[in-house]
Amino acid sequence: MNGIYQNMLSAYDMSTEQARRNAVFEVNQQIILSGLCRGGFFDTAAFYGGTCLRIFHGLDRFSEDMDFSLLSPDDGYEFERFFPAVVNEFALVGREVEIRKKEKNNSCNVESAFLKGDTDMYDVTLKAGKSIKIKIEIDTRPPLKFATEEKLLLQPTSFMTKCFTLPCLFAGKMHALVFRNWKNRVKGRDWYDFEWYVKSGVQLDFAHLQERIRKFNGKDMSKAEFMQLLRERLATTDMKSVKRDVEPFLRNKEGLDIWSNDYFLQLADRIRFR
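Residues numbered from 1 in each chain as written. Predicted model: local features only at pLDDT ≥ 70, side-chain atom pairs only at ≥ 80, totals over all residues. Heavy atoms only, no water.

Q: Mind showing me how you'd approach the packing of helix α2 (residues 17-38) against helix α4 (residues 83-92) here?
A: Geometry of a packed helix pair, given as the angle between the helix axes and the separation of the axes. Here α2 crosses α4 at 125°, and the two axes come no closer than 8 Å. Compared by their axis directions, α2 and α4 come out oblique. Between α2 and α4 lies a crossing of right-handed hand. Of the residues in α4, those in contact with Asn28, Ile31, Ile32, Ser34, Gly35, Leu36 and Arg38 of α2 are Ala85, Val86, Glu89, Phe90 and Leu92. (Axes fitted to C-alpha atoms, helices over the stretch in contact; angles between N-to-C directions. Helix = DSSP H or I, 4+ residues; strand = E, 2+ residues; numbered from the N terminus. Parallel < 35°, antiparallel > 145°, perpendicular 65-115°, else oblique. Left-handed = near helix turned anticlockwise from the far one by under 90°. Contact = heavy atoms within 4.5 Å.)

Structural data, given as structure tokens:
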């Protein structure tokens, strides 16, 4: 195995099969980011979502998919032009990958509440060993009014990634928590991230949240109206289902012991807006 790739893996817990799988995912996510940076992708797009929070802000849970937003709408955006840069980046660490665009299928189980016609999906698949497939989603007509910052990674080589700021990441997560349509399935990772943002003292960028609600839900919503919807969601969701969904993504599950509907309602009272 290539020395750079092995060195990146050595930074992770590899004591169990699940831990090793998570480590391989995250190392490959970083290589994808490096390739995209080298190819100039971040001149036109920014990284956001749970994997961004995990890699750049130390969120203590595993995250599988990679979410990106264009900096401005572009219906004709061609992500395919960055394929060679990503493939070459993997080749530099001795790995071979295949990248394919996924056809949109309204009946498929997609972990995005906001696909509609505005999100392109891609799979990056490692060819060697046990198959590892990383899903990439790109918002080509994104809600705007978000801020970005440059974040540094040191491996596989030092590079900068354009990311949503924490307050805007928080806004995206709260939109998902309240409006995500999961056909009777909850996504416990939304709840875990919500807890992390509040405990970390991150302010919520309400201007970006309002823009997301206008874009995806066709509503103009005040803070009071949003908080009412949030409290309804927090009060009525089955907490056993929430915990069951997030547990596979955690190393330490003891923090879930305090989780209850009342606990999250009290967390809502501690949200700080900017």
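Q: Can you help me understand the state of the cysteines in this one?
A: Two cysteines joined by a covalent bond between their sulfur atoms form a disulfide. Within the structure shown, the criterion is met by zero disulfides. No disulfide involves Cys163; its sulfur sits 3.8 Å from the nearest other cysteine sulfur, which is in Cys52. Counting only cysteine sulfurs, Cys52 is the nearest neighbor of Cys168, a cysteine outside any disulfide, at a range of 11 Å. Note on Cys168: relative accessible area 1%, which makes it buried. (Disulfide = S-S within 2.5 Å. Buried < 20%, exposed > 50% of the residue type's maximum accessible area, 1.4 Å probe, protein only.)

Q: Teacher, can you tell me more about the nonpolar core here?
A: If you look at soluble globular proteins, the nonpolar side chains tend to sit buried side by side. Among the nonpolar cores identified, the biggest contains 83 residues, and Leu33, Phe68, Phe79, Phe194, Phe226, Leu230 and Trp259 are the most heavily contacted of them. Sequence-distant contacts of Leu230, that is, excluding residues within four places in its chain, are made with Met174, Leu177, Val178, Ala268 and Ile271. (Core = buried A, V, L, I, M, F, W, Y, C linked by side-chain atoms within 4.5 Å.)

Q: I would appreciate a short explanation of the pattern of salt bridges in the present structure.
A: A side chain of one charge can pair with a side chain of the opposite charge when the charged atoms of the two come close. Counting across every chain of the model gives 19 salt bridges. The closest approach of N and O atoms between Arg38 and Glu89, which form a salt bridge, is 2.6 Å. Taken together, the residues span a long stretch of sequence, with Arg38 in helix α2 and Glu89 in helix α4 at a distance of 51 residues. Relative accessible area serves as the criterion here: at 51%, Arg38 is assigned to the exposed category. Between Arg214 and Asp220 there is a salt bridge; the shortest N-O distance is 2.5 Å. Residues participating in the shared-partner salt-bridge network are Arg61, Lys173, Arg180, Asp190 and Asp193. (Salt bridge = Lys/Arg side-chain N within 4 Å of Asp/Glu carboxyl O.)

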